[in-house]
Amino acid sequence: MSDQTQLFHYTCPYRIMGLDLSLTGTGVVVLDAGEGKIVRAQTIGYSLDKDATEQQRLDRLVNLAAGIKTLIEETHPHVIVIEGHAYGARFGGAALAELHGVVKVQIYYLTKQAPMVVAPKKARKVVLDDGAADKKKIGKIVRTLERHGVMEVEALGDHNQRDAWVLAEYARRVHGTRD
């Protein structure tokens, strides 16, 4: 039995958590890995003014990490996947890298495993068959899935949650339902 299984050996179904990390709105989606059903979808938001102090910026990191910790403890995911860095991003790269580091450490402390990290284009290619899909196109694809009875769009309240769903669904398809 792995360390993660020992820590999270509950009677819940096998679950996968997708985290679309952002300093202003981190999307979180937890899927039942067997059926792909959305168990939880939430956005953890925390905005700051441009002239925020270093203490306010640190408080934002602490609050985002605390929100993610709470969701991990409440949903007991067996696999956690986060979006890799968008290397072409022009703004906030250092601050977002800080968030990634804080969250990776938090995940490790809770599960004794590193999260799966996947490039955004790779996840979109596998799940949506379009690695270049932008947020608007992802929304259209998700609404199409709802029309065909595959999922409930109401469960995904915003683009942060839709991106987190893509990550969780990617892990579900690649990782499967059991170790």
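Structure: above.
Residues numbered from 1 in each chain as written. Predicted model: local features only at pLDDT ≥ 70, side-chain atom pairs only at ≥ 80, totals over all residues. Heavy atoms only, no water.

Describing the overall build of the protein chain
When helices and strands are tallied, the protein chain shows six helices and five strands. Counted from the first residue to the last, the protein chain has its helices and strands arranged as α-β-β-β-α-β-α-β-α-α-α. In the protein chain, which comprises 179 residues, the proportion classed as buried is 44%. Of the contacts made within the protein chain by residues no fewer than 6 positions apart, 66% connect residues no fewer than 24 positions apart. By element, 51% of the accessible surface of the protein chain is carried by carbon and sulfur atoms, the whole surface being about 9700 Å². (Helix = DSSP H or I, 4+ residues; strand = E, 2+ residues; numbered from the N terminus. Buried < 20%, exposed > 50% of the residue type's maximum accessible area, 1.4 Å probe, protein only. Contact = heavy atoms within 4.5 Å. Areas by Shrake-Rupley, 256 points an atom, 1.4 Å probe, with all protein chains shown as cover.)

Describing the sheet that holds strand β2 (residues 25-32)
Strand pairing within a sheet occurs via backbone hydrogen bonds; the two strands may be parallel or antiparallel. The mixed open sheet is built from five strands, whose spatial order is β3-β2-β1-β4-β5. The strands lining the two open edges of the sheet, one partner per strand, are β3 (38-45) and β5 (116-118). This sheet shows a mean twist of 20° between the axes of neighbouring strands, independent of strand direction. Note: strand β4 (residues 79-83) against β5, three bridges, orientation parallel. (Pairing = 2+ DSSP bridges. Axes fitted to C-alpha atoms, helices over the stretch in contact; angles between N-to-C directions.)

Quick look at the environment of Val-126
Summarising the element assignment, Val-126 is placed in helix α4 (residues 120-128). Val-126 has contacts with Tyr-170 and Arg-173, leaving out every residue within four places of it along the chain.

A few points about unusual backbone geometry
The phi angle at His-76 is positive, at roughly 50°, despite the residue not being glycine. On the accessibility criterion, His-76 (16% relative accessible area) is buried. A positive phi angle is found at Lys-112, which is not glycine, with a value near 65°. With respect to the element layout, Lys-112 can be found in the loop between α3 (93-111) and β5.

What about the pattern of salt bridges?
For the coordinates displayed, the defined rule picks out four salt bridges. Glu-74 is the salt-bridge partner of Arg-40, the closest N and O atoms lying 2.9 Å from each other. Of the two residues, Arg-40 is situated in strand β3 and Glu-74 in helix α2 (residues 54-75); the sequence distance between them amounts to 34 residues. Taking the relative accessible area as the measure of exposure, Glu-74 reaches 43% and is therefore partly exposed. Across the salt bridge formed by Glu-169 and Arg-173, the nearest N and O atoms sit 2.8 Å from each other. Highlighted residues: Glu-169 and Arg-173, both in helix α6 (residues 159-175), separated by four residues, approximately one helical turn. Taking relative accessible area as the criterion, Arg-173 reaches 45% and is therefore assigned partly exposed. (Salt bridge = Lys/Arg side-chain N within 4 Å of Asp/Glu carboxyl O.)

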